[in-house]
Every structure is written in C-alpha cells, then in structure tokens.
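Summary of structural features
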Amino acid sequence: MLEKLDRGLPPRSDETLIQKLQLSLQPPPERIVDIGCGAGHHSLVLAEAFPAAAIVGVDPYRPALEQALSERDETDARRVGFIPGTIEALPFEDESTDLIWCFDMLCHTEEPVIALMECYRILQPGGTLMLSTAVTTACMDEPTWTAVSSAGLHRISMNQQEIASAIQALGFTVIFEENYRSEFLEAIEADDPGRVSKDFIRMARLQRNSAHWQSELGLDEIRPLQALLAYNVAILSGKLDYYCWQLMKQVS
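These lines cover the structure that appears in this document, whether it is placed above or below. (Residues numbered from 1 in each chain as written. Predicted model: local features only at pLDDT ≥ 70, side-chain atom pairs only at ≥ 80, totals over all residues. Heavy atoms only, no water.)

1. Side note on the overall build of the protein chain
Applicable threshold: Counting from the N terminus, the helices are the DSSP runs of H or I reaching at least four residues and the strands are the DSSP runs of E reaching at least two. Within these notes, the globule rule equals 2.2 Å times the number of residues to the 0.38 power, and the radius of gyration is based on C-alpha atoms. With a 1.4 Å probe rolled over the protein chains alone, any residue whose accessible area is under 20% of its type maximum counts as buried; one over 50% counts as exposed, and the rest are partly exposed. Residue contacts are defined here by distance: any two heavy atoms, one from each residue, within 4.5 Å place the two residues in contact. Areas reported here follow the Shrake-Rupley algorithm with a probe of radius 1.4 Å; residue values treat only the protein chains shown as occluding. Charged-residue counts in this description rest on Lys and Arg as positive and Asp and Glu as negative, His and the chain ends being excluded. For the purpose of locating charges, the reference atoms are NZ of Lys, CZ of Arg, CG of Asp and CD of Glu.
A count of helices and strands for the protein chain gives 11 helices and 7 strands. The C-alpha radius of gyration computed for the protein chain amounts to 19 Å, which stays within 12% of the reference 18 Å derived for 252 residues, consistent with globular compactness. Overall size of the protein chain, expressed as C-alpha extent along the three principal axes, is 55 × 40 × 35 Å. Every one of the 252 residues in the protein chain was classed for burial, and the buried ones make up 44%. Taking all contacts inside the protein chain whose residues are at least 6 apart in sequence as the whole, residues at least 24 apart take part in 78%. Carbon and sulfur atoms make up 52% of the accessible area of the protein chain, which amounts to about 13500 Å² in all. Within the protein chain, one finds 20 positive and 37 negative side-chain charges whose respective centroids are separated by 4 Å.

2. Topic: unusual backbone geometry
Across the junction of Gln 26 and Pro 27, the peptide omega takes the value 0°, indicating a cis bond. Its location among the elements puts Pro 27 in the loop between helix H2 (14-24) and strand S1 (31-35). The backbone of Glu 95 sits at a positive phi, close to 50°, despite the residue not being glycine. On the secondary structure map, Glu 95 appears in the loop between strand S3 (80-84) and strand S4 (97-103). In this structure Glu 95 comes out as partly exposed when scored by relative accessible area, which is 43%. Despite not being glycine, Asp 104 has its phi angle at roughly 60°, a positive value.

3. With respect to the packing of helix H10 (residues 210-217) against helix H11 (residues 219-236)
Operational definition: Helix axes are fitted to C-alpha atoms over the stretch in contact, other axes to C-alpha atoms as well, and angles between N-to-C directions run from 0 to 180 degrees. Any angle that falls under 35 degrees is termed roughly parallel, while one over 145 is termed roughly antiparallel, one within 65 to 115 roughly perpendicular, and all others oblique.
In the contact formed by H10 and H11, the axes pass within 7 Å of each other and the chain directions differ by 120°. Taken as axis vectors, H10 and H11 run oblique relative to one another. In this structure, H10 uses Trp 213, Gln 214 and Leu 217 to contact H11, whose residues at the interface are Leu 219, Glu 221, Ile 222 and Leu 225.

4. A short note on helix H6 (residues 142-149)
For the record, the criterion: Directions pointing from the helix axis toward each C-beta atom define the arc. Polar contact is defined as a pair of N or O atoms within 3.5 Å, subject to the rule that within protein one atom must be able to donate a hydrogen and the other to accept it, and that residues adjacent in sequence are counted only when both atoms are side-chain atoms.
Among all positions in H6, only Thr 144, Trp 145 and Val 148 are buried. Mapping the buried residues of H6 onto a view down its axis gives an arc of 100°, with all of them on the same face. What points out from H6, more than 90 degrees from its buried face, is the exposed set Pro 143 and Thr 146. Where the residues of H6 are buried, they touch strand S5 (123-136) and H11. Measuring from the backbone nitrogen of Thr 144 back to the side-chain oxygen at the start of H6 gives 2.9 Å, which picks out Asp 141 as the cap.

5. Structural notes on the packing of aromatic side chains
Formally: A pair of aromatic rings is counted whenever rings of Phe, Tyr or Trp (Trp by its six-membered ring) have centres within 6.5 Å, and the orientation is called stacked for planes under 30 degrees apart, edge-to-face for over 60 and tilted otherwise. In our convention, an over-ring charge means Lys NZ or Arg CZ found within 6 Å of a ring centre and within 35 degrees of that ring's normal.
Summed over the entire model, instances satisfying the criterion amount to 7 aromatic pairs. Plain terms: the ring middles of Tyr 120 and Phe 172 are 5.0 Å apart, the flat faces sit at 80° to each other, and that makes the pair edge-to-face. With Tyr 120 in helix H5 (residues 112-122) and Phe 172 in strand S6 (residues 172-179), this pair connects stretches of sequence that are 52 residues apart. The class of Phe 172 is buried, set by a relative accessible area of 6%. Grouped by ring-pair contacts, the aromatic residues Trp 101, Phe 103, Tyr 180, Phe 184 and Tyr 242 constitute a single cluster. Above the plane of the ring of Tyr 180 lies Arg 12, whose end atom (NZ or CZ) is 4.0 Å from the centre. When the ring centre of Phe 176 is taken as reference, the NZ or CZ atom of Lys 20 above it lies at 4.5 Å.

6. Focus on the pairing of S4
Using the following cut-off: A pair of strands is treated as paired once DSSP finds two or more bridges between them.
Burial analysis of S4 places 7 of its 7 residues in the buried class, the great majority of the element. Sheet analysis places S1 next to S4, joined by 4 bridges and oriented parallel. In the sheet register, Ile 35 faces S4, and the bridge partner there is Cys 102. For S4 and S5, the ladder comprises 6 bridges, and the chain directions are parallel. Bridge pairing links Ile 100 to Leu 129 in S5.

7. So, a nonpolar patch on the surface
What counts, and what does not: A patch is a set of surface residues, each over 30% in relative accessible area and not in a salt bridge, joined within 9 Å for like charges and within 5 Å for the nonpolar side chains Val, Leu, Ile, Met, Phe, Trp and Tyr. Any carboxyl oxygen of Asp or Glu within 4 Å of a side-chain nitrogen of Lys or Arg constitutes a salt bridge here.
Together, Val 113, Ile 114 and Met 117 make up a nonpolar patch on the protein surface, roughly 240 Å² of accessible area in all. Relative to the helices and strands, Val 113 resides in helix H5. Relative accessible area serves as the criterion here: at 42%, Val 113 is assigned to the partly exposed category.

Shown next, in the form of structure tokens:
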C-alpha cells in the first residue's frame, strides 16, 4: 500500500506554470515583471523560456536582490534586471507590461485588492497575470496560523474567496484557475530528496528542545526558521492549499 503512494502521481512544479505560459501566450511577451522575485530564480527561468523578452524582478528585500544580481550571468545582464519595490506600489508606468509573474507574494500583503489593482494598472490590455499563492483551508488551526503568520503572512490575502472576488471586481478574465495543493513542494522533494520532508523532523527537534535551540541559535534566528518550517508543514498537511490563476486584462 505504502509503495503505491511512493510511486503516486507525478507532481507538477512551479516551472510547469511557465511551460503553460509558453504554450498559451502567442505572440510571446516582450516585457515581463517578476513580483517578489527574491534571489531571481523564476526571473532567470522566465528569461530562458522567453529569450526575446526584457525581464525585471521586483522585491522589497535588498539582500535577495543583491544575491540575484550576483548570480545573474553576463549574458542575461542586458535584458534581466532587479530593482527594489513592493506589489502595492509597483515602480512601472501604466500599461507597460505584457506578463506579470507573481509567485508566493500576494500572501505577504495586507492589501490584496490594492496589490491586484497595481498588477492590473501596469498590464497592457490583453496582458497576462500569472498569480500563484497559498490560501488557508478549513483544516487551518490557530496554533498553526500563529506559527506561519510570523513569516509576514496575512489572513485576508490568503482567503481564496477574497482573492477570487477581487479578481472578478477588477475585471480580469480568468484563463484558468487550479489548486495545486502540495505539488510544488512534492516536486522539490522529488528533485532533491529530503529537502522538504526533513522539515517535519526539524519541527519536531525545535519543539522537543526549544530552550537548547534558542540558546544556540537565538530567538532572532529561531522565529523565521520556525515560521518557514511551519509553512511547509502546513502545505504538506493540508492546512494550506496553493491556488494558481492565469488572468488576462480585458481589451477595451
């Protein structure tokens, strides 16, 4: 029985979404914005998928941007850039973007409607927003929420119905909406065994001897670590789902 689960259904990865875009966006986008780019992984994958596009990664966390710039190849420097900015106040002109990639970012804003309005503002008519974000499920409990929320998550931005209502109110056309649940983490685990599954053991060790780890690592290190581990465990245990929308700004 367990062996059947081990074989299971192959999980889709975050890069599956980029492959969907490659197939569906014709002509290919010329200008791409990666909101919440972090260290630039998705920006560079998008650059490979759309070799004629100019790409700008945006993130409020400057150390991540510095890492992205340091890891960018010389060949990418001419068309892949990284700048500071937030989803609530994007540093771009109206209707200046063909494609927005927003992966795991919306859950960090206290103003999801304003964030989606900003995405709508910078998209040209007919442009695409690929939005992927964790949402709470009926299984979410208060102790788990307390643990994950310290990672800068906001409940209103993780309510699937609130997001869907905002999408409809702004006038986006929904190309597809799908719940990937835990597949992205499963894909990471399949590619790098132990990278995700070890989080359960790490959480157990932190809880079993919290005084020791606080003494060794310090609270400033422990709190974000606990939040990250709790976030992954919540996805794998069904307390968080992962919804993805491909949205199009309507042509007037």
